[in-house]
Amino acid sequence: MEKQLSGIHHITAMAGDPQANVDFYAGLLGLRMVKVTVNFDDPGTYHFYYGDEEGNPGTILTFFPWPGAHRGRRGTGQATATAFSIPAGSLLFWMQRLQDAGVEMEGPVERFGEQVITFYDPDNLQLEMVAHRGADARPGWAGGTVPAEHAIRGFHGVTLAEQNQGHTAQLLESIMGFRLVGQEENRWRYESGDGGPGTLVDVLHLPDVKRGVVAVGTVHHVAWRAPSDEQQEAWQAELESIGADVTPIIDRQYFHSVYFHEPGGVLFEIATDPPGFAIDETVENLGHDLKLPPQYESLRPKLEKRLIPLQIPGVGQVPPQRVGTLS
């Protein structure tokens, strides 16, 4: 069957303090808390999903927060920068907002004809904002802490740091269907699907840079969009045929996933667009309660007692105050 990856589905990173993470992404950056759940492999810790109003693929940045865990190190074999898309006229707004919040920031610089600023979250995760005219094709969320006209419009792209760009490029172009659309010095840009914001991956050739260490403040994996289960199954079969270390299909409740490492070491995922984040709460109430997968629902009282209560802008406390009275 003909198959295509239509862009970035989500990007998952590792964080330290959960409340500091919420304050930064839902507070300062104005992203919507789309889902508060637990790490399906470690249910005693949270898994946060931030995104746009409806939690659309291509806008979702997720975190595993582990308080007290050690910091990682950016390097090769990693996704080292996550870039958000913002309207062309919003660059000064964001520079001022980040400066007022005391956030370390670099730029702006021009990259592929667009203006880019680089900044860092409380765990030193490297982030970017790319100001460009195409950002307005996706609406800004009007219900957050940032005016809708300046709100983040999902991902622009992601940057991979590689000791050998060619090996990664071969997988992207020959197997995954990406197209080379530009090169500036040691940076190659590829796009997938229909192209444009949310479909872009930059590959940096850094032969002399040490390999990174994935821990707090680094990206754990990058997920690419498959529009259906059937296409995901076809991708899994093709990856198996080339000897990739692809996993079986895993049910993540809001999407189905397979994982594999690209030649440079970055962990990739192929995730399905359906069923989406509105299967267990309405769009209006996304992120308003702790949602658990069925296998952990019986553990809710214990998990709500163990998990740190969160204050989410526009929502209040999650889990609700009853956590303090559980025995």
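Before reading on, note that the structure itself is shown above.
Parameters and conventions
Residues numbered from 1 in each chain as written. Predicted model: local features only at pLDDT ≥ 70, side-chain atom pairs only at ≥ 80, totals over all residues. Heavy atoms only, no water. Helix = DSSP H or I, 4+ residues; strand = E, 2+ residues; numbered from the N terminus. Buried < 20%, exposed > 50% of the residue type's maximum accessible area, 1.4 Å probe, protein only. Contact = heavy atoms within 4.5 Å. Salt bridge = Lys/Arg side-chain N within 4 Å of Asp/Glu carboxyl O. Pairing = 2+ DSSP bridges. Axes fitted to C-alpha atoms, helices over the stretch in contact; angles between N-to-C directions.

Asker: So, the overall build of the chain: which residues are in play, and what are the values?
Answerer: The helix and strand tally for the chain stands at five helices and 18 strands. Principal-axis analysis of the C-alpha atoms places the extent of the chain at approximately 55 × 45 × 35 Å. The 327 residues of the chain split such that 56% are buried. Across the chain, the fraction of contacts at a sequence separation of at least 24, relative to all contacts at a separation of at least 6, is 66%.

Asker: How would you explain the pattern of salt bridges if you had to name every residue and give the values?
Answerer: Applying the stated criterion across every chain, the model contains 13 salt bridges. A salt bridge links Glu281 to Lys35, with the shortest nitrogen-to-oxygen separation between them at 2.9 Å. Note that Glu281 is positioned in the loop between strand 16 (267–272) and helix 5 (300–306) and Lys35 in strand 2 (residues 32–39), a separation of 246 residues in sequence. For the salt bridge of Arg153 with Asp136, the shortest nitrogen-to-oxygen distance reads 3.3 Å. Taken together, the residues Arg153 in the loop between strand 8 (126–132) and strand 9 (155–162) and Asp136 in the loop between strand 8 and strand 9 connect sequence positions 17 residues apart.

Asker: Would you mind going over the pairing of strand 2 in detail, with residue names and values included?
Answerer: The element strand 2 is extensively covered by neighbouring structure, given that eight of its eight residues are classed as buried. As judged from the seven bridges shared by strand 2 and strand 3 (residues 42–51), these two strands associate in the antiparallel manner. What sits directly across from Asn39, in strand 3, is Asp42. Counting the residues between successive antiparallel strands, the hairpin from strand 2 to strand 3 contains two residues.

Asker: Pulling in residues and values, what's your account of the sheet that holds strand 16?
Answerer: One open sheet holds the eight strands; their spatial order is 2-3-4-1-13-16-15-14, and the pairing between them is mixed. Of all the strands in the sheet, the pair left with one neighbour each is strand 2 and strand 14 (250–251). This element, helix 1 (residues 18–28), spans strand 1 (8–15), strand 2, strand 3 and strand 4 (60–65) of the sheet and lies at about 10 degrees to strand 3.

Asker: I'd love a proper account of unusual backbone geometry, names of residues and values included.
Answerer: With an omega of 10 degrees, the peptide bond between Gly107 and Pro108 qualifies as cis. Positionally, Pro108 belongs in strand 6 (residues 105–111). Within the chain, Glu185 stands out as a residue other than glycine whose phi angle is a positive 55 degrees. Within the secondary structure layout, Glu185 lies in the loop between strand 10 (179–184) and strand 11 (187–191). Judged by its relative accessible area of 75%, Glu185 falls in the exposed class. With phi around 70 degrees, Gln253 is a residue other than glycine that occupies positive phi space. Structurally, Gln253 can be placed in the loop between strand 14 and strand 15 (256–261).

Asker: Tell me about the pairing of strand 6, and please be specific about residues and values.
Answerer: Across five bridges, the pairing between strand 6 and strand 7 (residues 114–120) is antiparallel. The residue bridging Met105 from the neighbouring strand is Phe119, located in strand 7. Here strand 6 folds back onto strand 7, and the loop between the two strands holds two residues, one of which, Phe112, carries a positive phi near 50 degrees.

Function cannot be inferred from these measures alone, as they are strictly geometric.
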